[in-house]
Structure formats: structure tokens, C-alpha cells
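A closer look at the structure
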Amino acid sequence: MNTSSTGSSSKSKAGSSSQPSETSFKRKRGVFQKDLQHMMYGFGDDANPLPETVALVEDIVVEYVTDLAHKAQEMGSKRGKLSVEDFLFLIRKDPPKLNRCTELLSMQEELKQARKAFEVDEEKLASTE
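Residues numbered from 1 in each chain as written. Predicted model: local features only at pLDDT ≥ 70, side-chain atom pairs only at ≥ 80, totals over all residues. Heavy atoms only, no water.

Naming follows an unreviewed UniProt entry, where the chain appears as Transcription initiation factor TFIID subunit 13 of Salix brachista. Recorded in UniProt for the chain, the comment headed Subcellular location (unreviewed entry) runs: "Nucleus". Looking at the Sequence similarities (unreviewed entry) heading of the UniProt record, one finds this comment for the chain: "Belongs to the TAF13 family." (UniProt positions renumbered as here; feature names shortened; annotations may be inferred.)

Structural data, given as C-alpha cells:
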């Protein structure tokens, strides 16, 4: 009986030491819970999925995004700065993700230009009055 309890404590110690980022960066759990519930419902899950399921999906998503950011940071450190191209390079072999990212980036640029044009028009109107 003692051997099983020491075995389980050594497993828990080994598990915690294998993930130093979790101890150094405490993350708030449940931050994305509502968003993930809505996304899961949109993809065919129940309107109120189990909290355990949402927590698992959140852990998976956060781990994926964190790993992607770390890899992009490693690539960017070679050039001295992190850029959008680093992320695009990492997802280059996943066409749906790459297409969606490029679409969102082009939409972001269009919105920037529209805001800029709106501000210029607004300034012209203010100066004529």
C-alpha cells in the first residue's frame, strides 16, 4: 500500500515538473468558457455542453495557441523581432487556417483604410462648419 502511494506522489511530482510553464504562468481557467460554449454549439454540440467538456476544449485551445506563439517567438528571435509572417509560416501546411488568417488580415487592412478615410472625411466636415 505504501508503494502505491509513493508511486502516485512521484507521478504527480513528475507531471508538475514536466510543465514548468504552468507553474510560472498561472492562467485563469474559464476565461474563454462562454465563447467556447457558443462555438461548440455552432459546430453541433448541445446548447449547454458539460463544463468538463468546455474545460477540456479550453485547455486544448490554450495549449495549441501557446505552443504556436512559442514557436513563432523562436523563429522571430532569429531575426530579432516577432512578425505576422512567423505565424503564417507555421500554419503554411494547413490550407484552411492559412486561408482564414490571410482573409482576416486583409479584412483588418480594409477596416484600417476605411477608418482612416472616415477620420479624414470627418475632419473636412468639421473644418467647413
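From this point, the narrative continues.
Some thoughts on a negative patch on the surface
Together, Glu119, Asp121, Glu122 and Glu123 give the surface a local cluster of negative charge. Considering the arrangement of structural elements, one finds Glu122 in helix α6 (residues 95-128). (Patch = residues over 30% accessible without salt bridge, like charges linked within 9 Å, V, L, I, M, F, W, Y side chains within 5 Å. Areas by Shrake-Rupley, 256 points an atom, 1.4 Å probe, with all protein chains shown as cover. Salt bridge = Lys/Arg side-chain N within 4 Å of Asp/Glu carboxyl O. Lys, Arg positive; Asp, Glu negative; His and termini not counted. Charge placed at Lys NZ, Arg CZ, Asp CG, Glu CD. Helix = DSSP H or I, 4+ residues; strand = E, 2+ residues; numbered from the N terminus.)

A closer look at the packing of aromatic side chains
One pass over the structure, following the stated rule, counts 0 aromatic pairs. Across from the ring centre of Phe89, 3.9 Å away, lies the NZ or CZ of Arg92, which sits over that ring. (Phe/Tyr/Trp six-rings, centres within 6.5 Å; stacked < 30°, edge-to-face > 60°. Lys NZ or Arg CZ within 6 Å of the ring centre and 35° of its normal.)

Observations regarding the layout of surface pockets
Quantified by volume, the second largest pocket comes out at close to 320 Å³. In this structure, the second largest pocket is lined by Phe32, Asp35, Leu36, Met39, Val61, Val62, Tyr64, Val65 and Lys97. Of all the secondary structure elements, the ones that give two or more residues to the lining of the second largest pocket are α3 (33-42) and α4 (51-79). The element that contributes the greatest number of residues to the lining of the second largest pocket is α4, accounting for 4 residues. Partitioning the lining of the second largest pocket into residue classes produces 7 nonpolar, no polar and 2 charged. (1 Å grid on protein atoms, 1.4 Å probe; cavity = no way out; pocket = protein on both sides within 12 Å on 5 of 7 lines; lining within 4 Å. Points joined across faces, edges and corners; volume = space filled by probe spheres on them. Nonpolar A, V, L, I, M, F, W, Y, C, P; charged D, E, K, R; others polar.)

So, a nonpolar patch on the surface
On the surface, Val61, Tyr64 and Val65 cluster together into a nonpolar patch covering about 250 Å² of accessible area. Inspection of the secondary structure puts Tyr64 in helix α4. Classification of Tyr64 as partly exposed rests on a relative accessible area of 38%. (Buried < 20%, exposed > 50% of the residue type's maximum accessible area, 1.4 Å probe, protein only.)

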